[in-house]
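Take a look at the letters that make up each chain.
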Amino acid sequence: MTKKTLALTLAVLLGVASHAQIATLESAPAETAAIAMAEGQSIELPIGTAVAGLEDAETQVKFFLMNYADYFEQGDLVFVKKKLQAMTEDDVIAMSLLDYVNPTVNLIVSIFAGGLGVDRFLIGQTGLGILKFVTAGGLGIWTIIDWFQIQNLTKRHNMEVFNRGLLYLDMAKEQ
């Protein structure tokens, strides 16, 4: 079993990636992504596509940061970059498969379905999502407040997901 297969299997077992994402990763057109990056184009690729088949770990880090820079607070990006640069290419692939939530999409969800607590469910706050649903978004007040807070909350959630991924990788290396 190769390191890549082990990392991908670990991602599926820990529930941080689906089998569909793994299939996307293994069949991704890496050459297309590498050419686009070399030309300096900003591209939005499906999860896992950007890192598949690339040999250089530094290029994988650049792809991760290009695809997920908006998913983290500016201050956290330095930490994320440092951690990614210290990883092997298989570890960077595993980290790119984690379930990050797009803050802009969550803001749109908050605007249209925030009163039902859907925005809180997306960032893993099940209890607050249920409470928001039961109270009809705090009679609308909580919903309006969340329109201004949800992007920062989502970015914090993404940082927690990244840190959990680091923990999983450390546990896998110990075994």
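Our structure is the block above this text.
Read on for an overview of the structure.

Rules and cut-offs
Residues numbered from 1 in each chain as written. Predicted model: local features only at pLDDT ≥ 70, side-chain atom pairs only at ≥ 80, totals over all residues. Heavy atoms only, no water. Helix = DSSP H or I, 4+ residues; strand = E, 2+ residues; numbered from the N terminus. Buried < 20%, exposed > 50% of the residue type's maximum accessible area, 1.4 Å probe, protein only. Contact = heavy atoms within 4.5 Å. Areas by Shrake-Rupley, 256 points an atom, 1.4 Å probe, with all protein chains shown as cover. Phe/Tyr/Trp six-rings, centres within 6.5 Å; stacked < 30°, edge-to-face > 60°. Core = buried A, V, L, I, M, F, W, Y, C linked by side-chain atoms within 4.5 Å. Axes fitted to C-alpha atoms, helices over the stretch in contact; angles between N-to-C directions. Parallel < 35°, antiparallel > 145°, perpendicular 65-115°, else oblique. Nonpolar A, V, L, I, M, F, W, Y, C, P; charged D, E, K, R; others polar. Salt bridge = Lys/Arg side-chain N within 4 Å of Asp/Glu carboxyl O. Left-handed = near helix turned anticlockwise from the far one by under 90°. Patch = residues over 30% accessible without salt bridge, like charges linked within 9 Å, V, L, I, M, F, W, Y side chains within 5 Å.

1. Overview of the overall build of the protein chain
Per the secondary structure count, the protein chain includes 11 helices and 0 strands. A buried classification covers 41% of the 175 residues belonging to the protein chain. Across the protein chain, every contact between residues at least 6 apart in sequence was considered, and the portion connecting residues at least 24 apart equals 63%. When the accessible surface of the protein chain is split by element, carbon and sulfur atoms take 62% of a total near 9600 Å².

2. Observations concerning the packing of aromatic side chains
In total, this model carries 9 aromatic pairs according to the counting rule given. Between the aromatic rings of F72 and Y100, the centroid separation amounts to 5.6 Å while the plane-to-plane angle is 70 degrees, which identifies the pairing as edge-to-face. One end of the pair, F72, is in the loop between α4 (57-68) and α5 (74-85); the other, Y100, is in the loop between α6 (89-96) and α7 (103-113), with 28 residues separating them in the sequence. Across the pair, exposure class does not vary: F72 and Y100 are buried alike.

3. Some details on the nonpolar core
Side chains of a nonpolar character, in soluble globular proteins, are inclined to be buried together. F64, F72, V80, L84, M95, Y100 and F162 are the most contacted members of the largest nonpolar core, which has 20 residues in total. Of all the elements in the fold, those that place two or more residues in this core are α4, α5, α6 and α11 (141-174). If you tally residues by element for this core, the top one is α11, at 5 residues.

4. A look at the environment of D76
Looking at the secondary structure, you find D76 in helix α5. When the C-alpha atoms of D76 and K155 are compared, they prove to be 9.4 Å apart, with 79 residues separating the residues in sequence.

5. A closer look at the packing of helix α9 (residues 126-134) against α11
A pair of packed helices can be characterised by two numbers: the angle between their axes and the separation between those axes. Two elements in contact, α9 and α11, have axes separated by 10 Å at closest approach and are oriented at 135 degrees. Taken together, the axis directions place α9 and α11 in an arrangement best described as oblique. Packed against α9, whose contacting residues are L128, L131 and K132, the element α11 presents W142, T143 and D146 at the interface. Residues that form the contact of α9 with α11 fall into these classes: 3 nonpolar, 1 polar and 2 charged.

6. So, α6
Counting buried positions along α6 gives 7 out of 8 residues, so the element sits mostly inside the fold. Residues D90, D91, V92, I93, A94, M95 and S96 constitute the buried set of α6.

7. Focus: the pattern of salt bridges
Under the definition given, this model contains 4 salt bridges. Taking the shortest distance from any N to any O, the salt bridge between D119 and K132 comes out at 2.9 Å. Linking D119 in helix α8 (residues 118-122) with K132 in helix α9, this pair joins segments that are 13 residues apart in sequence. The exposure classification of D119 matches that of K132, with both residues buried. In this structure, a network of salt bridges that share partners links the residues D119, R120, K132 and D146.

8. Observations concerning the packing of α4 against α6
Running from N to C, α4 and α6 point in directions that differ by 15 degrees, and their axes come no closer than 9 Å. It follows from the interaxial angle that α4 and α6 lie roughly parallel. Between α4 and α6 the crossing geometry is left-handed. Here A57, Q60, V61, F64 and Y68 of α4 lie close against α6, whose contacting residues are E89, V92, I93, M95 and S96.

9. Some words on a nonpolar patch on the surface
Where nonpolar side chains cluster on the molecular surface, the patch consists of L116, V118, F121, L122, I130, F133 and V134 and spans about 630 Å² of accessible area. In this fold, I130 is placed in helix α9.

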